[in-house]
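Residues per chain are reported as follows:
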Amino acid sequence: MRIFDLISMTFKNLLRRKMRTMLTVTGVIVGTCSIVVMVSLGIGQTVAMEERINSMGDLTQIEIYNYSGSAENADQVKLNDDTIQQIKNMPGVAAITPYWNPPNMSMKLTAGRNDRYQYYLWGVQGVYSDTLADFGYTTSEGTLLEPSTGKKINLLFGSECAYEFSDTKQKYGGYRWKGMTDAQGNELPPYVDPMKDKMTLLLESNETDENGDPKYPSLTYEANITGVLSAGNGRDQNPYTVFMDIEDLRELYKAYAKQNKIKETTTRGGTDIYDYSRAIVKAASIEEVAAVDEAIQELGFDTYSLESVRKPMMEQMQQQQLFLGGIGAISLLVAAIGISNTMVMSIYERTREIGVMKVLGCKLGNIRTVFLMEAGLIGFWGGVIGVAISMGLSKLLNYVVASGMLGGNSFGGMLGGMGSMGGELSVIPTWLALSAIVFATLIGLVSGFSPANRAVKISALEAIKHE
């Protein structure tokens, strides 16, 4: 038989008993709706959870702390340039930068006539300037940090650093802050425009002589602000952080130590002054985070990443999705039983017809194909209609929850907290819709396999005699 004849015969047989076919398809529709909607609720909660974790920071970043960890060679573990290079060469590492603060170095920026406006730099961070873009830093003005050239020292301001300048000509410090207004309600700008005003960087002595004056002369440099960071971006979101290239900061400290006759090269904890207390690594992808984190810990360092929060939550979400999917699968199992019953009844009613087909020389494979196609079509159309209805139910659920028609997130609360994290309660991605249709079709084929074999095994002579 030609494929066209098989398809034609399949549709005729299904339409012969319209009510029975419709009821069987309805069973598949209910089963498909159940499994798709249940899984979509789990996916919705997973998406909401990932959005919440993403709001906490970059999931691909790992913080390294120089606490020596618990490795056997803990006393020899050092977070220095050699270690940073070793970590940089690890598979899965996209970027790395250490953070370094000079110990006990007094730094001050001045601007205006006679250095009227002053800003004490307590929060300077030395970083690899060429990695800031990799860690998500962007600027609202100017450009990101670059290594200094010539006599100018390059600095990168946090979004609120300009408000740290005080007016020394005013009483009580003369500070301004973001949102401060004058008597007319107009917002007051900072005293200094970091992108336009000329600034001087001073390294002042921390020691004083018997008269209370600085014991050693200050070191003076011309400061150049390369840019101002956008608000709330990057791994360190402190708006008052000032960044400097780590090599520039080291050179400044060496000059400062020489000027102030500082000979100590170790901190109170016994570590080298130029070693790093921490560093941040960016993995190439979320999938690489766990492996990179483990490799760094094997070196003897303590680490932290949002993966430690994300992983157990994802495992919990996966278990919940399996549970919800299992509930829906029960309905689809009942539908499979209905398909088998429909096909068995069809074979019983068409026994004589099967016998005639065999006597006329119809191949056994064609007879089996007809019954399998009938079962497969029932599953396919049940899956297609079920997915369409599921999408409608998904939109309705999301609308009901978003509109607060059931009292805020009370509906989400009844579903184990789903929807309480914001976002959509039900999410049906394309892969879920296609998978449901394929799964329903396979359920139909599997359910029709045994009846189809039964049809093939019927004796032609006995089938012809059957009334």
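Residues numbered from 1 in each chain as written. Predicted model: local features only at pLDDT ≥ 70, side-chain atom pairs only at ≥ 80, totals over all residues. Heavy atoms only, no water.

**So, the confidence of the model for the protein chain**
Taken residue by residue, the protein chain gives an average pLDDT of 80. The fraction at 70 or more is 80%. Counting contacts from residues 416-421, a segment whose pLDDT is below 50, to residues more than four positions away or on other chains yields 19 contacts. (pLDDT = per-residue confidence, 0-100. Contact = heavy atoms within 4.5 Å.)

**Some thoughts on the packing of aromatic side chains**
Taken as a whole and judged by the stated rule, the model has 11 aromatic pairs. Taken together, a centroid distance of 6.0 Å and an interplanar angle of 80 degrees make the contact between Tyr119 and Phe157 edge-to-face. Linking Tyr119 in strand β4 (residues 117-120) with Phe157 in strand β7 (residues 152-157), this pair joins segments that are 38 residues apart in sequence. Exposure remark for Tyr119: the relative accessible area of 4% places this residue in the buried category. The class for Phe157 is buried, based on a relative accessible area of 0%. (Phe/Tyr/Trp six-rings, centres within 6.5 Å; stacked < 30°, edge-to-face > 60°. Helix = DSSP H or I, 4+ residues; strand = E, 2+ residues; numbered from the N terminus. Buried < 20%, exposed > 50% of the residue type's maximum accessible area, 1.4 Å probe, protein only.)

**A closer look at unusual backbone geometry**
Despite not being glycine, Asn114 has its phi angle at roughly 55 degrees, a positive value. Note on Asn114: relative accessible area 67%, which makes it exposed. Backbone geometry places Asp115, a non-glycine residue, at a positive phi of 55 degrees. Classification of Asp115 by relative accessible area gives partly exposed; the value is 33%.

**Some points on the sheet that holds strand β12 (residues 278-283)**
Two pairing modes exist for strands in a sheet, parallel and antiparallel, and in both the strands are linked by backbone hydrogen bonds. Within the open sheet, the 4 strands sit side by side as β2-β12-β1-β13. Their pairing is antiparallel. Here the strands that pair on one side only, and so sit at the sheet edges, are β2 (93-99) and β13 (302-305). Along the sheet, successive strands turn relative to each other by an average axial angle of 20 degrees, direction set aside. Where β2 and β12 come together, 6 bridges link them in antiparallel fashion. In the strand pairing of β12, Thr97 is matched with Ile280. Sheet strands touched by helix α3 (residues 81-88): β1 (61-65), β2 and β12. Its angle to β2, the strand with the most contacts, is close to 160 degrees. (Pairing = 2+ DSSP bridges. Axes fitted to C-alpha atoms, helices over the stretch in contact; angles between N-to-C directions.)

**Here we look at the pairing of strand β10 (residues 219-229)**
Regular strands place their side chains on alternate faces of the sheet. As defined by bridge partners, strand β6 (residues 139-142) adjoins β10 across 3 bridges and the pair is classed as antiparallel. The partner of Glu141 across the bridge, within β10, is Val228. Examined bridge by bridge, β7 and β10 share 6 bridges and lie parallel to one another. Paired with Asn154 across the strands is Asn224, a residue of β10. Relative to β10, strand β9 (residues 199-204) runs antiparallel, the two sharing 5 bridges.

**Thoughts on α3**
Taken residue by residue, α3 has Thr83, Ile84 and Ile87 as its buried positions. Viewed end-on, α3 has its buried residues packed into an arc of 100 degrees, placing them on one side of the element. The elements touched by buried residues of α3 are β1, β2, β12 and α5 (286-298). If you check the start of α3, you find a side-chain oxygen 3.2 Å away from the backbone N of Asp82, and it comes from Asn80. (Arc of directions from axis to C-beta. Polar contact = N/O pair within 3.5 Å; in protein donor to acceptor, adjacent residues only side chain to side chain.)

**A short note on the nonpolar core**
Of all hydrophobic cores here, the largest spans 49 residues; its most connected members are Met107, Leu109, Phe157, Met199 and Val281. For this core, the element with the highest residue contribution is helix α4 (residues 246-259), accounting for 6 residues. Sequence-distant contacts of Phe157, that is, excluding residues within four places in its chain, are made with Leu109, Tyr119, Ala162, Phe165, Pro194, Met199, Ile225, Gly227, Val228, Leu229, Thr241 and Val242. One finds Val28, Leu332, Ala336 and Ala375 within the second-largest nonpolar core, a separate group that totals 14 residues. (Core = buried A, V, L, I, M, F, W, Y, C linked by side-chain atoms within 4.5 Å.)

**Description of the pattern of salt bridges**
One pass over the full model with this rule turns up 8 salt bridges. Arg278 is the partner of Glu63 in a salt bridge, and the nearest nitrogen-oxygen pair spans 3.8 Å. Residue Glu63 is found in strand β1, and its partner Arg278 is found in strand β12; the two are separated by 215 residues along the sequence. An identical accessibility class is assigned to Glu63 and Arg278; each is buried. Here Lys152 ties to Glu222 by a salt bridge, and the two come within 3.8 Å at their closest N and O atoms. (Salt bridge = Lys/Arg side-chain N within 4 Å of Asp/Glu carboxyl O.)

**With respect to the side chain of Ser305**
Note on placement: Ser305 falls in strand β13. In this structure Ser305 comes out as buried when scored by relative accessible area, which is 2%. Ser305 has contacts with Gln61, Ile62, Val289 and Asp293, leaving out every residue within four places of it along the chain.

**Brief notes about the environment of Gly31**
With respect to the secondary-structure elements, Gly31 resides in helix α2 (residues 18-56). For Gly31, a relative accessible area of 0% corresponds to the buried category. Taking the C-alpha atoms as reference points, Gly31 and Ala335, 304 residues apart in sequence, are found 6.4 Å from one another.

**Description of the side chain of Ser426**
Structurally, Ser426 is set in the loop between α9 (410-414) and α10 (430-457). Reaching out from Ser426, the side chain makes a polar contact with the side chain of Ser394 at a distance of 2.8 Å. Excluding its chain neighbours within four sequence positions, the residues that come into contact with Ser426 are Ser40, Leu41, Ser394 and Asn398.

**Brief notes about α4**
With 14 residues, α4 should reach 20 Å at 1.5 Å per residue; the first-to-last C-alpha distance of 20 Å fits that figure. Where α4 begins, one side-chain oxygen reaches toward the backbone nitrogen of Glu247, 3.1 Å away; that side chain belongs to Asp245. (Expected span 1.5 Å × (residues − 1).)

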